[in-house]
Structures are given as C-alpha cells and as structure tokens.
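What follows is the residue order along each chain.
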Amino acid sequence: MSNRKFPKWIKAILLSFAGIVVLAIVAVSIILSQKNATALVNKYSDEFLDASLEFSKVDVSILRKFPSISITLSDASLTYPSSRFAKFDSMYSGQRMMRMGKGEEVDTLASFKKLTVATNIVRILSGQLDVRNLELDGPRIFARQYNDTTANWNIFPESDGEDAVEEEDTLKKESFFDRINIRRVALTDKPFISFCSPEKEIYACFGLKDMTLGANVKSSDILSSEIDLGMEKLFISGRYRTDTLLYAIDQVNLKAHKRRVRFDLRSNLYAAVSDGIGRHSIPFEIKLAGGFPKDTVPCVAVKNLDLKGMGLEARCKGFARAEARERYYVKASAEIKNYKVGDFMDE
C-alpha cells in the first residue's frame, strides 16, 4: 500500500499554527520579562493590599520549561506602618513575643527569602491543576490579634456589600478542578510563625526544619488520592496565662495510596503547669496502618494503630461503616501490653 501524504495546504496550516504558537510564547515571555513582571506585581499589590509588599526581583520563565510556567519572587516582605496598632502595642510592650517583627517605622507581617511556583498551563486549560513545584524558602510570619475585630493580618481593603454578595455568588458558580496534581511542595530553611493574642493571654509559635509534600487529588474520589507528606523537627510552643506547653515532633510521615494510609509520628510533650503540678516530659509515638475500603457507603478500616506514651503501649484495630438513617456499624478491639485491667481496678 502506498504511503499517503498530507496535502500541502494542511501542512501550511499546521506550520502556520505552530508559528503562531511560538510567536505567542515569545511575546508573552517578553511581556513578562523581569522588568515588566516587577511593575505588574507592584501595581496590583498596591491596588489590592492595605500594606507594603517589597521584594528584590520577580522572575518569570516560560520558554525554558514549556509547557510549564515558573514564577519566582525573591527577598519579599509584607509590612505596615508601626503606628497602625501603636495604641495596642504600648499596652503589651513587656511581652517578648509582641516585639517580634517590630521596627522603628514599619512592622513586618510576613517575609520570605524566595517563593517559587511552577505549573503546567496546558493542563490548567484542560481542567487540571498541575503544580510542578511550590517552594517557600525561609518564611517568617508574625501574627497578632488584638481583639475580635482588630488583627494585623487584615490587610485587604473592605469591599462594598453588593460587591461582596456578587463575589460570593460567583464563587458558588465556579467549578473546581477535576484533578489536582501536586508534584512537590516544600517549606525550607526553618519556617517560623508566631501568634499573639494579648487580650486572651495566648502566645504561641510554630517552627520546623523542613517539610515536603506530594499529592495527586481527584475531586470526584477524594479517598483515592495519593499523598506523600514528610516533616522533620517540628515544634509548637505556647503560653496561656501562667502555663507553658512545648510540643516537639521529631518526625512525621504520611503516605496514602489507592485508599490505603500509613502514618508515623514520634514526638514529645513538655509542660510547665502552675497549681503545683510542676514540669513534665511525655514522649509519644503513633503508628497507623489503615484505609478506606471501597463500598457503597463510607467505610474506615484500621488494620493496626500502635500507641506509645506515659510508659504504656497499646494496640487497636477496628472497622466502621455508615448505614441507613444516620446509623453506624463499628467493630473494634484494643489491648494494653503488660498491663492488666485487674491491677487498675485494685488501685
């Protein structure tokens, strides 16, 4: 059989179309050059933020990784005038955490060394959100809530009532992506967050060494999502009135694949509590293997749940499923190693 060749006019159309695509990509790359991209970010941040966004540069890359587009924002900080909440800050100036992020003329709400976002624009057009890379390097956040209506993160100008209703209706009509594929999300260089609510006497901070996340989520079947999460050296410390707590996590791993889930956690809880209880350190470990069996109704199966803490070791397993008329079927068992219930009853 002879080879059939495309007519010349089809080749001409295809070549012309390819040429237009290439020219469009080049044109967009020129429009989104570092200088133009910086101007665009400055323009819209001034328009939509009641705060000052400062950064060293914006880099937009299209040609190097097409069909992915990569945007990098370097050395960024979000600040506001120190005088904005001066009357509140003067009331609680003795608290060390209230001084974090403060400057002589401006206070810092958030800052980071580098933010990189890379996504596949072709898949977005087909209804899939494909995040190739999202990396946030060295984030620092200093959040303060002075009362129920005043907080330093309220940096978005208030919209009119009609605009707010219209925006809410628009969001309800918009559909979500059919599939969300997150290849890599990373928080690096010791992220840190502080939160202060002096009126409620709550002072807390959160930090970790690093975190990585990969996920493939299908909106029509969330339980079949694939997730790979890892965190290392995470701590959460807080003070409520005269009590102080520190929760330190050495490592966290979460993996989900084809409705099967594995979760591992190693941690320590440190507490300095008033009322004569004193200081305590409580190591705690969790190991979980389970999943969500496919059925006509929601089901949860726990193959093994191992708990270690306070000198005790426990193992649990079970199964639960939803039934008609808001009823649930649950079957579970648990045991505590080297400990007899009779000994507890005698005590």
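These numbers were taken from a predicted model, which means no experiment stands behind them. (Residues numbered from 1 in each chain as written. Predicted model: local features only at pLDDT ≥ 70, side-chain atom pairs only at ≥ 80, totals over all residues. Heavy atoms only, no water.)

Student: What am I meant to see in the overall build of the protein here?
Tutor: Counting its regular elements, the protein contains 6 helices and 16 strands. Burial statistics for the protein: of 347 residues in total, 27% are counted as buried. (Helix = DSSP H or I, 4+ residues; strand = E, 2+ residues; numbered from the N terminus. Buried < 20%, exposed > 50% of the residue type's maximum accessible area, 1.4 Å probe, protein only.)

Student: Help me understand the nonpolar core in this model?
Tutor: Nonpolar side chains tend toward joint burial in soluble globular proteins. Ranked by size, the top nonpolar core spans 17 residues in total, and within it L78, M97 and I155 carry the most contacts. Beyond its immediate stretch of four places on either side in the chain, I155 contacts F48, L49, D50, A51, L78 and L109. (Core = buried A, V, L, I, M, F, W, Y, C linked by side-chain atoms within 4.5 Å. Contact = heavy atoms within 4.5 Å.)

Student: So what exactly am I meant to see when it comes to the confidence of the model for the protein here?
Tutor: Interpretation of this model should avoid reading the predicted coordinates in detail wherever pLDDT is low. Here the protein shows a mean pLDDT of 77. Residues at 70 or above account for 73%. Confidence over residues 16-27 falls short of pLDDT 50; this stretch has 3 contacts with residues more than four positions distant or in other chains. (pLDDT = per-residue confidence, 0-100.)

Student: How do you make sense of the pattern of salt bridges when you look at a structure like this?
Tutor: Note that side chains of opposite charge can pair when their charged atoms are close. This structure, assessed with the given rule, holds 11 salt bridges. For D148, the salt bridge is made with K200, and the minimal N-O distance between the two is 3.9 Å. Pair noted here: D148 is in the loop between β6 (140-144) and α5 (161-173) and K200 is in the loop between β8 (192-197) and β9 (202-218), with a separation of 52 residues, a long-range link. You can call D148 exposed: its relative accessible area is 65%. Each of D130, R132 and R183 takes part in a single network of salt bridges with overlapping partners. (Salt bridge = Lys/Arg side-chain N within 4 Å of Asp/Glu carboxyl O.)

Student: Sorry if this is basic, but what is going on with the packing of aromatic side chains here?
Tutor: Aromatic ring pairs are defined here through the distance separating the ring centres and the angle between the ring planes. For the coordinates displayed, the defined rule picks out 6 aromatic pairs. Aromatic side chains Y80 and F85 sit 5.5 Å apart centroid to centroid with 85 degrees between the ring planes, which places their arrangement in the edge-to-face category. We classify F85 as buried; its relative accessible area is 8%. Members of the aromatic cluster, connected to one another through ring pairs, are Y80, F85, F88 and Y146. (Phe/Tyr/Trp six-rings, centres within 6.5 Å; stacked < 30°, edge-to-face > 60°.)

Student: Mind showing me how you'd approach a nonpolar patch on the surface here?
Tutor: The grouping of F235, L246 and Y270 at the surface amounts to a nonpolar patch, some 230 Å² of accessible area in total. Here Y270 shows up in strand β12 (residues 260-273). (Patch = residues over 30% accessible without salt bridge, like charges linked within 9 Å, V, L, I, M, F, W, Y side chains within 5 Å. Areas by Shrake-Rupley, 256 points an atom, 1.4 Å probe, with all protein chains shown as cover.)

Student: Help me understand the environment of D189, please; the structure alone is not making it clear to me.
Tutor: Note that D189 resides in the loop between β7 (179-188) and β8. For the pair D189 and G138, spaced 51 residues apart in sequence, the C-alpha to C-alpha distance is 4.7 Å. When sequence neighbours within four positions are dropped, the list of residues in contact with D189 reads K113, D137, G138, R140 and K209.

Student: How do you make sense of a positive patch on the surface when you look at a structure like this?
Tutor: Side chains of K233, R262, R266, K287, K303, K308 and K337 sit close together on the surface and give a patch of like positive charge. When contributions to the positive patch are tallied by element, the ones reaching two or more residues are β12 and β14 (299-309). Take K337: its relative accessible area is 40%, and that puts it in the partly exposed class. (Lys, Arg positive; Asp, Glu negative; His and termini not counted. Charge placed at Lys NZ, Arg CZ, Asp CG, Glu CD.)

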